[in-house]
Amino acid sequence: TTVYQKSSAVIDSWGAYNTFKGNTIILRHTTEEEIGPKECMGLNEYHSTIVNNTLVGATYTGLSLGGRPTENEQYGLNIISRNTISNNEIGLYLSTLVTTIGKNTITQNNFINNSDHAGFTISVLNPFDLINVILSQHRIPFSQWDGNYWDDYTGHLGRKIPGKIQFFSTKFSIPLRNVDRHPALGPIYSKKELVSTTSDITSNVLEKYSERTLTWG
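In this text, all values refer to a predicted model and were calculated from it rather than measured experimentally.

Visitor: Account for the overall build of the protein, naming residues and giving values.
Guide: When helices and strands are counted, the protein shows three helices and 19 strands. When each of the 217 residues of the protein is scored for burial, the buried share is 48%. Expressed as a percentage of contacts within the protein between residues at least 6 apart in sequence, the contacts between residues at least 24 apart total 77%. For the protein, the exposed surface amounts to about 11400 Å²; the carbon and sulfur share of it is 53%.

Visitor: Mind laying out empty space enclosed by the protein, listing which residues take part and the relevant values?
Guide: Applying the stated criterion across every chain yields a total of one cavity of 30 Å³ or more. Here the largest cavity is characterised by a volume of approximately 60 Å³. When contributions to the lining of the largest cavity are tallied by element, the ones reaching two or more residues are strand E10 (90-97) and strand E13 (116-124).

Visitor: Go over the pattern of salt bridges with me, naming the residues and quoting the values.
Guide: Side chains that differ in charge, positive against negative, can pair when their charged atoms come close. Using the criterion set out here, one finds one salt bridge in the structure. Across the pair Arg-159 and Asp-152 runs a salt bridge whose closest N-O atoms are separated by 2.9 Å. Taking the relative accessible area as the measure of exposure, Asp-152 reaches 40% and is therefore partly exposed.

Visitor: How would you summarise the nonpolar core if you had to cite specific residues and measurements?
Guide: Of all hydrophobic cores here, the largest spans 30 residues; its most connected members are Met-41, Leu-92 and Trp-145. Secondary structure elements with two or more residues in this core: strand E1 (9-16), strand E3 (24-27), strand E4 (39-46), strand E7 (61-67), E10, E13 and strand E16 (159-167). With four residues, the single largest contributor to this core is E13. What Leu-92 contacts, discounting residues up to four positions off in sequence, is Leu-63, Ile-80, Ile-85, Ile-106, Phe-111, His-117, Ala-118, Gly-119 and Trp-145.

Rules of the game
Residues numbered from 1 in each chain as written. Predicted model: local features only at pLDDT ≥ 70, side-chain atom pairs only at ≥ 80, totals over all residues. Heavy atoms only, no water. Helix = DSSP H or I, 4+ residues; strand = E, 2+ residues; numbered from the N terminus. Buried < 20%, exposed > 50% of the residue type's maximum accessible area, 1.4 Å probe, protein only. Contact = heavy atoms within 4.5 Å. Areas by Shrake-Rupley, 256 points an atom, 1.4 Å probe, with all protein chains shown as cover. 1 Å grid on protein atoms, 1.4 Å probe; cavity = no way out; pocket = protein on both sides within 12 Å on 5 of 7 lines; lining within 4 Å. Points joined across faces, edges and corners; volume = space filled by probe spheres on them. Salt bridge = Lys/Arg side-chain N within 4 Å of Asp/Glu carboxyl O. Core = buried A, V, L, I, M, F, W, Y, C linked by side-chain atoms within 4.5 Å.

Structural data, given as structure tokens:
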């Protein structure tokens with residue numbers, strides 16, 4: 001598989017109802033100035049599944065995930081499960097809008113030896129969006145984190161995920177926290193064990209990227 005230098009990510013996708021399954025992506029940068037992908041996966045997806053991938057060595061993010069708007073303002077609703085994300089500058093980073101309705105689910109992943117394991121930004125693009133959220137029953141769209149393995153977890157009251165809410169495309173932001181309330185105490189699964197356990201969340205979904213090994217450097 002050819003990886004093009006002009007792309008910031010090895011797998012770079014905008015779409016919906018896709019499955020990204022069983023890919024192994026290893027980035028080996030010899031210098032900080034080296035031209036090449038800085039992300040293993042850079043996705044803007046709606047209602048997609050990212051499962052059983054191994055993402056290693058990114059100088060930016062192992063996996064960055066944004067939301068793809070549709071006419072009825074549904075975003076997110078992605079499942080991120082049973083991936084091993086290791087030795088990246090940032091393991092997983094989520095970006096959503098405050099008007100997002102669908103939540104992402106992040107469960108049973110391994111976060112190992114990343115400089116920062118995970119983070120998120122919730123953006124407010126204009127004052128009306130924030131007013132609508134305050135006046136309606138719609139809540140700020142926190143993703144659901146549960147049962148992930150974190151190699152830095154010390155075993156006290158869940159693993160906190162740092163984030164922020166960003167206002168009007170400015171530098172002004174307010175820090176937020178999300179929590180994985182049931183962190184796994186050890187790494188989760190192996191690829192052989194996963195073969196029989198992925199069918200429940202990958203059925204009836206287009207498999208866009210599946211079972212590939214990609215190496216840079």
